[in-house]
Amino acid sequence: MNPGKVYLVGAGPGDPDLLTVRGLNLLHRAQIVVYDQLVNPALLEEVSPPTIKIYVGKPAGRHLIAQEEINRLLVGYARRGYQVVRLKGGDPFVFGRGGEEGGALADAGIPFEIVPGVSSAVAVPAYAGIPLTHRKLASSFAVVTGHEARKLQDSVDWPKLATAVDTLVILMGLGNLPVIVPKLIAHGRAPQTPAAVIRWGTTIAQETVTGTLADIVERSAHVEPPALIVVGDVVHLADKLDWFFPAAYNHGIHGFERPSELARA
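Source: prediction; values computed, not measured. (Residues numbered from 1 in each chain as written. Predicted model: local features only at pLDDT ≥ 70, side-chain atom pairs only at ≥ 80, totals over all residues. Heavy atoms only, no water.)

J.: Would you mind going over the overall build of the protein with me for this structure?
T.: The secondary structure content of the protein amounts to 9 helices and 10 strands. Here the C-alpha radius of gyration of the protein, 20 Å, is about what a compact globule of 265 residues would show, namely 18 Å. Along the longest, intermediate and shortest principal axes, the C-alpha atoms of the protein span 60 × 50 × 35 Å. Look at the contacts in the protein between residues 6 or more apart in sequence, and 68% of them connect residues 24 or more apart. When the accessible surface of the protein is summed, it comes to about 13,200 Å², and 54% of that surface belongs to carbon and sulfur atoms. (Helix = DSSP H or I, 4+ residues; strand = E, 2+ residues; numbered from the N terminus. Rg over C-alpha atoms; globule rule 2.2 N^0.38 Å. Contact = heavy atoms within 4.5 Å. Areas by Shrake-Rupley, 256 points an atom, 1.4 Å probe, with all protein chains shown as cover.)

Following this line, the structure appears as structure tokens:
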């Protein structure tokens, strides 16, 4: 039997309309779809029977299925000749473990393809009216994980990042925000630096909390994951560039309904 093929597909940041055309075409043709927690359910509606859908989500702090088991699933189905879509939130290669899964497939001799997705690192701030770069405010940005900020062997060089870039985007860092903020301030970032916490960005549940490093922990205390953090002067633009009104949009992969002036008021 000829082996199947595995497609590591980025599902985008939450808004189903941000799935790429390539990703949508592969969903329509898939025989097996292995999907994550943050994949919008609307995308799964594009999968037709008898396609098998397998959930392998990893809620924060509760890994229901080990990464090694996911790797074995992908390899096993492909060896049986199936066309497999591994549907991952955001982009597979931006904190999505796509490199690990691709490596496992390569080691097993399984054909695979990487289908990039729109990363939450850039899309979520954009939906909150925050450009990561701006000719007058920011010429550099970095994207880091805040997941390990409490560990002694934190993989992020916070002392260097505190002042090395204009805009800092922190993924998976909400729970560690009370630890991250003091690190940034201690290593040179001004307490009055603007900061934002954006929950469920690009979806109808989007919520944005803005403040400064001095008060963002207190202001966002009620926010629960998933959320993304932006630190930098570009956060000042959020009010002026706030274009996204979740309640006024009809979401779905068949397109937006533009908000009326009444809905925006």
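J.: How should the sheet that holds strand β7 (residues 167–171) be read in this particular structure?
T.: Two strands in a sheet stick together by hydrogen bonds in their backbones, pointing the same way (parallel) or opposite ways (antiparallel). Strand order in this open sheet of 5 strands is β6-β7-β10-β8-β9, and the pairing throughout is mixed. Unpaired on one side and paired on the other, β6 (141–145) and β9 (207–212) mark the two borders of the sheet. Taken pair by pair, the neighbouring strands of this sheet meet at an average axis angle of 15°, ignoring direction. (Pairing = 2+ DSSP bridges. Axes fitted to C-alpha atoms, helices over the stretch in contact; angles between N-to-C directions.)

J.: How do you make sense of the sheet that holds strand β4 (residues 83–88) when you look at a structure like this?
T.: Read across the sheet, 5 strands follow the order β3-β2-β4-β1-β5 without closing on themselves; strand pairing throughout is parallel. In the strand order of this sheet, the two ends are held by β3 (52–55) and β5 (112–115), each with one partner. With strand direction ignored, the average angle separating the axes of adjacent strands in the sheet is 15°. Sheet topology note: the strand β2 (residues 32–35)/β3 ladder contains 4 bridges and is parallel. Directly across from I32, in β3, lies its bridge partner I52. Sheet strands in contact with helix α3 (residues 67–79) are β1 (5–10), β2, β3 and β4, and its direction is about 155° off that of β4. Taken strand by strand, helix α4 (residues 98–108) contacts β1, β4 and β5, and its axis lies near 170° from that of β1.

J.: Sorry, what's going on with the packing of aromatic side chains here?
T.: Here a ring pair, both rings aromatic, is described through the centre-centre distance and the interplanar angle of the planes. For the structure shown, the criterion picks out 5 aromatic pairs. Judged by centre distance (5.7 Å) and plane angle (75°), the rings of Y77 and Y82 are edge-to-face. When its relative accessible area of 16% is taken as the criterion, Y77 is described as buried. Of the residues examined, Y82 reaches a relative accessible area of 25% and is grouped as partly exposed. Between W243 and F244 the ring centres are 5.4 Å apart and the planes differ by 55°, which places this aromatic pair in the tilted class. Classification of W243 by relative accessible area gives partly exposed; the value is 32%. F244 gets classed as buried once you look at its relative accessible area, which sits at 3%. Feature note: the residues Y127, W243 and F244 constitute an aromatic cluster, connected by ring pairs. (Phe/Tyr/Trp six-rings, centres within 6.5 Å; stacked < 30°, edge-to-face > 60°. Buried < 20%, exposed > 50% of the residue type's maximum accessible area, 1.4 Å probe, protein only.)

J.: What's the story with unusual backbone geometry in this structure? I'm lost.
T.: Residues apart from glycine generally show negative phi values, whereas peptide bonds are mostly found in trans. Cis rather than trans, the peptide bond between P49 and P50 has omega equal to 5°. Relative to the helices and strands, P50 is located in the loop between α2 (41–44) and β3. Here the amide bond leading from P225 into P226 is cis, since omega sits at 5°, within 30 degrees of zero. With respect to the secondary-structure elements, P226 resides in the loop between α8 (216–219) and β10 (227–231). In this structure, M172 is a non-glycine residue whose phi angle is positive, near 55°. You can see M172 is positioned in the loop between β7 and α7 (177–186).

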